[in-house]
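What the coordinates show
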Amino acid sequence: MKKNLSTALIAGSLLAMALLQGCATKIKASTSQNPAPAESFNKFGRIEVKHAAFKPGYHGHAAALSKIDENIQSDLKAKLAQWNSGAANERTLIIEPVVEQLSFKSITKRVFLGPMAGSSGVLVRMNIRDNKGKLIADPEFFQRAAAFSGGFTLGVQDNLMLTRVANLASSYVISNYDAAVGGPTGADEQGIAEQHPSN
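Residues numbered from 1 in each chain as written. Predicted model: local features only at pLDDT ≥ 70, side-chain atom pairs only at ≥ 80, totals over all residues. Heavy atoms only, no water.

Thoughts on the overall build of the protein chain
Scanning the protein chain from terminus to terminus reveals 5 helices and 8 strands. Listed N to C, the secondary structure of the protein chain is α-β-β-β-α-β-α-β-β-β-α-α-β in terms of helices and strands. A total of 199 residues make up the protein chain; the buried ones form 39% of that total. Long-range pairs, those at least 24 residues apart, make up 77% of the contacts in the protein chain with a sequence separation of at least 6. Total accessible area on the protein chain is roughly 11100 Å²; 57% of this is exposed by carbon and sulfur atoms. (Helix = DSSP H or I, 4+ residues; strand = E, 2+ residues; numbered from the N terminus. Buried < 20%, exposed > 50% of the residue type's maximum accessible area, 1.4 Å probe, protein only. Contact = heavy atoms within 4.5 Å. Areas by Shrake-Rupley, 256 points an atom, 1.4 Å probe, with all protein chains shown as cover.)

Below, the structure written as structure tokens:
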């Protein structure tokens, strides 16, 4: 009896440690608010949105990347058609969504491991330049799905995280069309990396 109890206690302790270590994602944003772009996007006769890609040298979950791209393209499709229907002015705004960091727990992993699979997290940057290569804005967008919410919803929250980060990125583009106003990154205090003062 004592041996069984001891074994159960050890197993419970190991499980608790695994949960604690897997709960927080190491992916963080640098701030809660993106600055305004150098100019409003309506100054450009044409706006082009590239397909989302991982940053050079980074390898992540391909299906999750596709989901982010699908949502951004869907969110902006009608607006792009409207914005690009006017007269061209030899100025084109080129928007490149880049997934810089991604930790995504698939439904399969959630079914087998639940919260023990850990948290999901994603950091997306929109590199926004004119057709001459001048940087107009480079906002970042962050979202996460906690280990417990992701685990107990069998991956629903992990997938919603991909939708939310795409919606944030798309909203920035739409909000800054008529006026340069910036926008939220989606990060709360827990989602912002600590800033270490330089020596």
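Considerations on the pairing of strand β5 (residues 120–130)
Counting buried residues along β5, 9 of its 11 residues qualify, which places the element largely inside the surrounding structure. In terms of strand pairing, β5 meets strand β7 (residues 140–145) through 6 bridges, oriented antiparallel. Residue pairing in the sheet places leucine 123 in a bridge with phenylalanine 142 of β7. Counting the residues in the hairpin turn of β5 and strand β6 (residues 135–137) gives 4 residues, including glycine 133, whose phi is positive at 95°. (Pairing = 2+ DSSP bridges.)

Some points on the nonpolar core
Formed by 35 residues in total, the largest nonpolar core has its most connected members in Phe41, Ile68, Leu102 and Ile128. Those elements that provide at least two residues to this core are β2 (46–49), α2 (62–83), β4 (92–103), β5, β6, β7 and α5 (156–178). For this core, the element with the most residues is α5, which contributes 9 residues. When neighbours within four sequence positions are excluded, phenylalanine 41 is seen to be in contact with Ile47, Leu93, Ile128, Ile136, Tyr172, Val173, Asn176 and Tyr177. With 5 residues, the next largest nonpolar core counts Ile27, Ala29, Leu123 and Ala187 among its residues. (Core = buried A, V, L, I, M, F, W, Y, C linked by side-chain atoms within 4.5 Å.)

Section: the confidence of the model for the protein chain
Confidence along the protein chain averages 81 in pLDDT terms, with 71% of residues attaining 70 or more. Below a pLDDT of 50 lies the segment residues 7–23, which in the model reaches 11 contacts outside its immediate sequence neighbourhood of four places, other chains included. Every residue in residues 147–154 is under pLDDT 50, and counting partners more than four places away or in other chains gives 21 contacts. (pLDDT = per-residue confidence, 0-100.)

Examining the pairing of β2
Side chains of β2 alternate between two faces, with Ile47 and Val49 buried and Arg46 and Glu48 left unburied. Both β2 and β4 contribute to a ladder of 4 bridges, which runs parallel. Paired with glutamate 48 across the strands is isoleucine 94, a residue of β4.

Observations concerning the packing of aromatic side chains
Throughout the structure, instances matching the rule amount to 4 aromatic pairs. Where phenylalanine 41 meets tyrosine 172, the ring centres are 6.4 Å apart and the plane angle is 55°; that geometry is what we call tilted. Taken together, the residues span a long stretch of sequence, with phenylalanine 41 in the loop between β1 (33–34) and β2 and tyrosine 172 in helix α5 at a distance of 131 residues. For the residue pair phenylalanine 41 and tyrosine 172, the accessibility class agrees, reading buried in each case. Ring plane angle 65° and centroid distance 5.8 Å describe the contact between phenylalanine 141 and tyrosine 172, whose orientation is recorded as edge-to-face. Note that phenylalanine 141 is positioned in strand β7 and tyrosine 172 in helix α5, a separation of 31 residues in sequence. This pair shows no difference in class: phenylalanine 141 is buried, exactly as tyrosine 172 is. The rings of Phe41, Phe141 and Tyr172 are connected pair by pair, giving a single aromatic cluster. Against the face of phenylalanine 44 rests arginine 91, its NZ or CZ located 4.1 Å from the ring centre. (Phe/Tyr/Trp six-rings, centres within 6.5 Å; stacked < 30°, edge-to-face > 60°. Lys NZ or Arg CZ within 6 Å of the ring centre and 35° of its normal.)

Here's the deal with the pattern of salt bridges
Scanning all chains against the criterion turns up 5 salt bridges. Between lysine 67 and glutamate 70 there is a salt bridge, and its shortest N-O distance comes to 4.0 Å. Highlighted residues: lysine 67 and glutamate 70, both in helix α2, separated by 3 residues, approximately one helical turn. Overall, lysine 67 belongs to the partly exposed group, its relative accessible area being 30%. Residue glutamate 70 is classed as partly exposed on the basis of its relative accessible area, which comes to 48%. Residue arginine 144 is joined to aspartate 188 by a salt bridge in which the shortest nitrogen-to-oxygen separation is 3.0 Å. Taken together, the residues arginine 144 in strand β7 and aspartate 188 in the segment after β8 (183–184) connect sequence positions 44 residues apart. (Salt bridge = Lys/Arg side-chain N within 4 Å of Asp/Glu carboxyl O.)

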